[in-house]
Amino acid sequence: PTTTHPLHLAGGKHLPTMHPPSRPRIKHLLRCLQLSLTSCIVLYTSSFHTSHHHRHRRRHHRPEPLVANRCLSWQADLRQRPLAQPLYDYRNRQPRTTQQQPAPANKHRRRSDTNRRSDVSFQSRKLLNSFERVCQEDRGDDLVNRLNAKVQQLLDGTSLRPQLVDGSNSTTTHNLSQHIISRDASSLIRLLGRNGCHDAMLEFCRRYCRDIIDASIEVSAYPGQPSVSRSNADEAVLFAYTAAIAACSKPPLASTLVVNRSYNSKYRTRSFLLSLLDEMENGYGETIRPNSYTLSAVLLGIDGGTNARQILDSFENKYGEDVSDEANNTTTSEKILTVQVYNVAISACGRRSSKESNKGGFKVIEGWQQALSILQTMRRQGPIPNEQTYTAVFHAMADSGKIKVAISLLDELRKSSLVDISSKLFLPLLKACAKASSANMAQTMLKYMKEDSLEITTEHMNLFLLALANCKMNVRALGVLKEMIHSQKEDPLAGPNLVTLNTVLLACANADDYEACYALFEQMKEGAYLMIDESQTKLIEIRPDVVSYNTVISCSDPETALELVNEMRLTRRNRIGIVLPNAVTYTNAITRCRNAVDDDTDTDPEVRQYIFEIALALFDLARDNTLDGKETDLNVYVYSSLIWCAEAVGNYAVAVQLLRDMKCPPNNICYDGVISALSQSGLHRETLYFYYEMKGLNLPATRKTYQKLAYAINNSRDSELFFSPRKKAALMDGVLSGMSDRDRSVNIGGSLFQSLIRHHGDQSEPG
């Protein structure tokens, strides 16, 4: 039924709402319909016996046998079955019989092929479910070890139950294809790769493919039929290797790296992926030709436009021609290089490779140029590019910051009829405008969408607001928010959501407008804004989340930041709307303490110490936080923010102690904070000690590192060093001898070179 309910919208608007019937309601309606239909049939069949006239009429005008038998069978079925069960088989369009099938004369007769296939399918699904249960039960450090152990048991045959061959004898076959169907084998390969078990995944993949190829050659235990045909075996090998290549191509998640610290990055390399492809083609007797999904999986693991272009060219030379069958002397027009393969190659151009740099004075071609070259090749030779092709090209241009080139290509598409332009095509362009902090260009994109009569969704408006936030245009962002609220009265789907309000909060925070930011935040806590729910049937209140709190904290004073953190900790008492602080929360709050000290250097020392105590209190809350049985992950950003806060108040002892007590590997920002704190106190020996320690950990030095290093040597407490330019130059020469070519550039080590030149020029020594 369709009803209308008021949704508290301004102007008295109503939104039509569909209320689907619940499952108990559906069962009740079907039961009523069943009873009514049964009653009609019973009344119809019994009406022939009510009078002699009816009996006489039934004798001469007997209904069709099919109708009579159907009515009688329904009556018999009604007496034997409960009413909750269906009385009619709608799939086969015949009454459901209740007669039991006669038992076979020989109960030990050989099972049919269908029963054997269903038995293998059941066992295959059971094995796959056992692996899925392990992933659900254990998500800790032992997950990889348990999965590897189960795969080893599967390969050894200890986890396989005996398979009946004759009626009396039972033997265990170690051929995996007799226990796992190809579909479940591919699912198991994806599961192992998703959880970081790449070695076990590849070992299982190779074993299963070898077994299924052997099964296609050997004669089955049932005479006259092979276990599996060669074509089906080749198809199973193709699916298995496609799943394995795709699993190796995907970059590991952060959670996977934490669980599996022994992850080897060799899997997601060009040489390894191409070796897997060659192994699939030539490693199992006959040549197994890949499909478009296999080639796309290889390109998923390629980063950089140069590598993607080279691999795509090799694919064109090898698989670009039509597929030929030499046995039958036929040629099919099936194309392996579909538009999907080209789209994945263009997407790979948008991912920058670590090896793409300036070598030998020649500039490497950037990814967006390679993506544009592939697009031109598709226009000339095919396949015809679609909307996803141009979207991938726009993404590559957006990542490189080539907004003008992307807009020129968009103008070409708008003037021609090469592809149907939709609103999704403007998402990467708006993202590029937001990344480049170009609010005017983003507004031009929205203008183009209105001219082309395209739907402007909330996602487009959120990207426009992000461009305004990066430009620190908070007043304009608040005006756009009002327009979205006004348009919500006519179209609830075009209204703001939580991302919209958080982006407006970010615009106010970037503009350092704390009052406007906190006012909007209070309105969110009061439920003043509404958004459409996931079912798109009603409007719900927008409540602040952890991103909202973190944004407000990033522009508040230290005391307010501490109050907001305590407010977040107290939300665990609520039944709904629980917002617990995370590492970003404490990092933003401690950073505000440091900024409060740096903004006013003439602050009273007692006030500076009070602010530093607030930062220490925030760090204690983060370290001792065990809300809901979960401890806050103290990452390197929390430690670095407090180290730099200690540097701002001149407390080098706390900075050094924090560096020694870190529960995670430090980065160069942490060492820069300690070096800066020691240099301000004139401790040049300690400063040099931590500098060489940082270099020993292979952490790259920054511009600030050499600035503080030169400052510590020039302003040392040591009187002999302070009045001796020759000793200062000697210390700096020692630092210079260990600097890399990167550090010797003007942008990084320029301050050290400047001090060194000055000390070498001043050769005067104290008398």
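Scroll up to find the structure.
Residues numbered from 1 in each chain as written. Predicted model: local features only at pLDDT ≥ 70, side-chain atom pairs only at ≥ 80, totals over all residues. Heavy atoms only, no water.

Student: Give a description of the overall build of the protein chain that names residues and reports values.
Tutor: On a plain count of helices and strands, the protein chain comes out with 34 helices and 10 strands. Per-residue burial for the protein chain yields a buried fraction of 42% across its 767 residues. Contacts in the protein chain between residues at least 24 apart in sequence constitute 64% of all its contacts with a sequence separation of at least 6. Surface exposure of the protein chain reaches about 42900 Å², of which carbon and sulfur atoms provide 51%. (Helix = DSSP H or I, 4+ residues; strand = E, 2+ residues; numbered from the N terminus. Buried < 20%, exposed > 50% of the residue type's maximum accessible area, 1.4 Å probe, protein only. Contact = heavy atoms within 4.5 Å. Areas by Shrake-Rupley, 256 points an atom, 1.4 Å probe, with all protein chains shown as cover.)

Student: Could you give an account of the nonpolar core, with specific residues and numbers?
Tutor: Counting 189 residues, the largest nonpolar core has L147, F204, V237, F315, F394, M445 and Y706 as its most contacted members. Ranked by the residues each element gives to this core, the list is headed by helix α8 (residues 230–249), at 12 residues. Leaving out residues up to four positions away in the same chain, F394 has contacts with A406, L409, L410, L413, L425, P428 and L429. (Core = buried A, V, L, I, M, F, W, Y, C linked by side-chain atoms within 4.5 Å.)

Student: I'd like a description of helix α31 (residues 703–714), backed by residues and values.
Tutor: With 12 residues, α31 extends 17 Å between its outermost C-alpha atoms, agreeing within 8% with the 16 Å of an ideal straight helix rising 1.5 Å per residue. Looking only at α31, the buried set comprises T705, Y706, L709, A710, A712, I713 and N714. In this structure, the buried residues of α31 make contact with α29 (668–680), α30 (684–696), α32 (719–722), α33 (725–737) and α34 (746–761). (Expected span 1.5 Å × (residues − 1).)

Student: An account of the pattern of salt bridges is needed here, citing residue identities and associated values.
Tutor: If the charged atoms of two oppositely charged side chains come close together, the side chains can form a pair. On inspection of all chains with the given rule, the structure shows 20 salt bridges. The partner of R309 in a salt bridge is D313, and the shortest N-O contact between them spans 3.5 Å. Here the residue R309 and the residue D313 both occupy positions in helix α12 (residues 305–319), the gap between them amounting to four residues, near one helical turn. Judged by relative accessible area, which is 26%, D313 ranks as partly exposed. Residue R414 is joined to E451 by a salt bridge in which the shortest nitrogen-to-oxygen separation is 3.1 Å. Highlighted residues: R414 in helix α16 (residues 403–415) and E451 in helix α18 (residues 439–451), separated in sequence by 37 residues. Judged by relative accessible area, which is 25%, R414 ranks as partly exposed. Through salt bridges with shared partners, a single network forms among R230, D234 and E286. (Salt bridge = Lys/Arg side-chain N within 4 Å of Asp/Glu carboxyl O.)

Student: Just give me the short version of unusual backbone geometry, but keep the residues and values in it.
Tutor: Here the residue pair G382 and P383 is connected by a cis peptide bond, since its omega of -5 degrees sits within 30 degrees of zero. Backbone geometry places D512, a non-glycine residue, at a positive phi of 60 degrees. Relative to the assigned elements, D512 resides in the loop between α21 (498–510) and α22 (514–525).

Student: Hey, could you go over the packing of aromatic side chains for me, with residue numbers and the actual values?
Tutor: The geometry of an aromatic ring pair is captured by two quantities: the separation of the ring centres and the angle between the planes. Under the definition given, this model contains 12 aromatic pairs. Taking the centre distance of 6.3 Å and the plane angle of 40 degrees together, the rings of Y518 and F521 count as tilted. Taken together, the residues Y518 and F521, both in helix α22 and three residues apart, mark about one turn of the helix. Accessibility expressed as a relative area gives 28% for Y518, which makes it partly exposed. Ring centres 5.6 Å apart and planes at 65 degrees place the aromatic pair F619 and Y639 in the edge-to-face group. (Phe/Tyr/Trp six-rings, centres within 6.5 Å; stacked < 30°, edge-to-face > 60°.)

Student: Before we move on, can you summarise the state of the cysteines with the specific residues and values?
Tutor: Evaluation of the coordinates by the stated rule reveals zero disulfides. The thiol of C664 is not disulfide-bonded; the next cysteine sulfur, from C670, is found 7.0 Å away. Residue C664 is classed as buried on the basis of its relative accessible area of 18%. (Disulfide = S-S within 2.5 Å.)

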